[in-house]
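Examination of the molecular architecture
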Amino acid sequence: MQPLLAGSRIRRKYSIDKKRRALWVSSSLTTYGGIATFVRNMRDTALWTEWDIRHVATHCDGTKLKRLGIFIVGSARFIVQLLIKRPDIIHLHTSERGSFVRKGLLTWVSAIFRIPVLLHMHGGEFHEYFANQSRPLQWLIRATLERTDVVIALGNVWAQRLQDVAPKAHIEVVPNAIRANVKVDQISAKEVQVVFLGELCERKGTSVLLDAWAGMIAARDVKPAKLTIGGWGEIDRANNQIRSLGIGDTVHIAGWLSATEVQQLLARTHVLALPSLNEGQPMVILEAMARGICVVSTTAGGIPEMLDESEGVLVAPGSVSEFSCALAKVINDAEARGRFGSHARNRVEREFNVDAVSRRFDELYRTVLTDRRRRRGSAPENSAKVVDP
């Protein structure tokens, strides 16, 4: 038999020289949120070219009709990819509610084609979503998780929660990832810029943040600071709360921001404020850490696995007084902000480096394919070996 040429499209053999293919499915890369940010970051790694990754969007921002349209079109593109391109691996990015329903359907479609699936769980409320379902729906959710080859959790807390939901699921922990960015200047700031980025809603603690900010301003012992809130969601409710608290002169609602505008805002940010009540592993925290921005957040979900007490300030979820004190502490102390930010940035380079995480995916893909071949009893002699990252 002649050796395979580099980049060969010959199928049915997973040779080292074979051009491997992976299909990623997520929300549109122009949407705002952690999943889109994560996928954009991974596009710049060697994994994207080495696995010839194709991306299909099945969700977007906008009206219900627009979201339904992109799901229909995305699902059709997904099936075309399975029929014509025949990927080796399918990597589905999901959270809870509608996102899980969409990716759950694609998981079962993939089973028909006998293609391995990695289900990447990004949601911060999945355990609550599961608990609120009827027993038949819980059974279906559990069956979906256990049907996949690997369920990816963002941290140990979420791995345990997912294992509780689906005891037979194969769960692997892979953190979110980012590249270290240009470090912000924490020392020479005349006015401290505090930023909130994300959905304006109860889960993200927007009302807690505004109450905490009002309490901090009322104390009159804090240095000059401005709070900018960027995102989507309950904007009218936030504006009403700002008016009732009388803090409009120090708070600005920026609304939805593009990816470019987010980066421009973070480049002049000193403190990221994220008082979440439930979380997975927020990409916005990693973006702040990558720039050496001081993070003030909570102990919700997987956040404590991202930051320890030397790398940020974490308080109890829902505590207005604690969050207010934490904000005042870092606004008044530029050296503390710089110290927290520097330690957090070093943590990103050690543990959340996008290239290291991409190698972890490469290892998982290879392992899944090897296990599939072993179960079928047809592994060729020149099959690819698992390579440590």
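Source: prediction; values computed, not measured. (Residues numbered from 1 in each chain as written. Predicted model: local features only at pLDDT ≥ 70, side-chain atom pairs only at ≥ 80, totals over all residues. Heavy atoms only, no water.)

As a further point, take the overall build of the protein chain. Regarding its fold elements, the protein chain presents 14 helices and 12 strands. By the compact-globule yardstick of 21 Å for 389 residues, the protein chain fits well, its C-alpha radius of gyration being 22 Å. Projected onto its principal axes, the C-alpha positions of the protein chain cover 80 × 45 × 35 Å. Here the protein chain holds 389 residues, and the buried ones make up 55% of them. Here the contacts in the protein chain between residues at least 6 apart in sequence split such that 72% fall between residues at least 24 apart. (Helix = DSSP H or I, 4+ residues; strand = E, 2+ residues; numbered from the N terminus. Rg over C-alpha atoms; globule rule 2.2 N^0.38 Å. Buried < 20%, exposed > 50% of the residue type's maximum accessible area, 1.4 Å probe, protein only. Contact = heavy atoms within 4.5 Å.)

So, on to the environment of Lys85. Mapped onto the elements of the fold, Lys85 is located in helix α3 (residues 64-85). Each C-alpha atom, one on Lys85 and one on Val208, is 49 Å from the other, the two residues being 123 residues apart in sequence.

Now for the pattern of salt bridges. Enumeration over the complete set of coordinates arrives at 19 salt bridges. Between Asp149 and Arg372 there is a salt bridge, with its nearest N and O atoms 3.0 Å apart. Remark: Arg372 occurs in helix α14 (residues 354-376) and Asp149 occurs in the loop between α6 (135-147) and β5 (150-153); sequence separation between them is 223 residues. The two residues Asp149 and Arg372 agree in class, both being buried. Note that Arg237 and Glu202 form a salt bridge whose closest N and O atoms lie 3.3 Å from each other. Of this pair, Arg237 sits in helix α9 (residues 235-245) while Glu202 is found in the loop between β7 (192-200) and α8 (206-219), placing the two residues 35 residues apart along the sequence. On the basis of relative accessible area, Arg237 is assigned to the partly exposed category, the value being 45%. (Salt bridge = Lys/Arg side-chain N within 4 Å of Asp/Glu carboxyl O.)

Segments scoring low in pLDDT should not have their predicted coordinates read at a detailed level. For the protein chain, mean pLDDT is 89; residues scoring 70 or higher make up 92% of the total. Predicted confidence for residues 379-389 stays below pLDDT 50, and this span has 24 contacts to residues more than four positions away or in other chains. (pLDDT = per-residue confidence, 0-100.)

Under the criterion given, the structure shown has eight aromatic pairs. Centroid distance Trp51 to Tyr365: 5.0 Å. Interplanar angle 80°. Geometry classified as edge-to-face. Here the residue Trp51 occupies a position in the loop between α2 (46-50) and β2 (54-59), and Tyr365 occupies one in helix α14, the gap between them amounting to 314 residues. A centroid spacing of 6.4 Å and a plane angle of 25° characterise the contact between Phe361 and Tyr365, whose relative ring orientation is stacked. Pair noted here: Phe361 and Tyr365 are both in helix α14, with a separation of four residues, about one helical turn. Pair check on accessibility: Phe361 and Tyr365 agree, each one buried. (Phe/Tyr/Trp six-rings, centres within 6.5 Å; stacked < 30°, edge-to-face > 60°.)

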